[in-house]
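Geometric and topological summary
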Amino acid sequence: MMLANPAKRIICAQCLRPQSVCICRWITPTAHAVEVVVLQHPLEQHSAKGTAQLLHLSLQHSRMVTGEVFAERELRALLCDPFEPSVATPYESKHAILLYPQSTDDHAATPFLASEILRDPSRLRLIVLDGTWRKSRKMLHLNPLLQQLPRLSLHDVPPSRYLIRKAHLANQLSTLEATCLALTQLAGNATLFQPLLKAFDGFIAQQLAQRDAGVAGAA
């Protein structure tokens, strides 16, 4: 379904992008046990280069919320409450973990990520910050509840396939790549997210082609 916005551009109702840069062809439904919550910085919301929307649309057990500072009650619900409350089905609480390096600029002691928490991926909820490193650090600083979460660091980080943005630090990945790598670590399955990463390559190729062609909204 396509919607018209005030600027007369036709907007895709699913990926929320102009029809000329629609990314729905790259949506790749991917089975995953770990729930995912993407906290997206407002400056990323309308970025054509952003990967969080493709990630969210490909992961059934995921939620995406845009904001920089979240009310404590709202954020606590995102960390702890069931995505789809049901009276008939008892809810088993999740362990929320933050996808973020252990070494940060805030110098605060972070909770230890106990190995027993990681034994059952279905009990985990991965919290992902979607933004530049500068913006994600600010989001972490402004939301004390996030600082209280145990953190998951990435290991054996491969070169990024994210060719449409320049990385400022070595081993920087897009939100989609970083989340797929984190879920791979948690699931212990190196092949599970390969179809989504292959679709991601197609998304990148589309973005590069549209940039070279000067398509409006591609950059």
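Whatever comes next refers back to the structure up there.
Presented here is an overview of the structure given in this document. Note that the structure is predicted; figures quoted are calculated from it, not measured.

Quick look at the pattern of salt bridges
- Scanning the model with the defined rule gives six salt bridges in all.
- Of the charged contacts in the structure, one is a salt bridge between Arg125 and Glu35, with a shortest N-O distance of 2.7 Å. Here Glu35 lies in strand S3 (residues 35–40) and Arg125 lies in strand S6 (residues 124–130), a separation of 90 residues in the sequence. The residues Arg125 and Glu35 share a single accessibility class, namely buried.
- Between Arg161 and Asp201 there is a salt bridge, and its shortest N-O distance comes to 2.7 Å. Taken together, the positions of Arg161 in the loop between strand S7 (151–152) and helix H5 (175–187) and Asp201 in helix H6 (residues 194–213) put the pair 40 residues apart, joining distant regions of the chain.
- Residue Arg161 is classed as partly exposed on the basis of its relative accessible area, which comes to 29%.
- Salt bridges sharing partners connect three or more residues here, namely Glu35, Lys94 and Arg125.

Scoring rules and cut-offs
- Residues numbered from 1 in each chain as written.
- Predicted model: local features only at pLDDT ≥ 70, side-chain atom pairs only at ≥ 80, totals over all residues.
- Heavy atoms only, no water.
- Salt bridge = Lys/Arg side-chain N within 4 Å of Asp/Glu carboxyl O.
- Helix = DSSP H or I, 4+ residues; strand = E, 2+ residues; numbered from the N terminus.
- Buried < 20%, exposed > 50% of the residue type's maximum accessible area, 1.4 Å probe, protein only.

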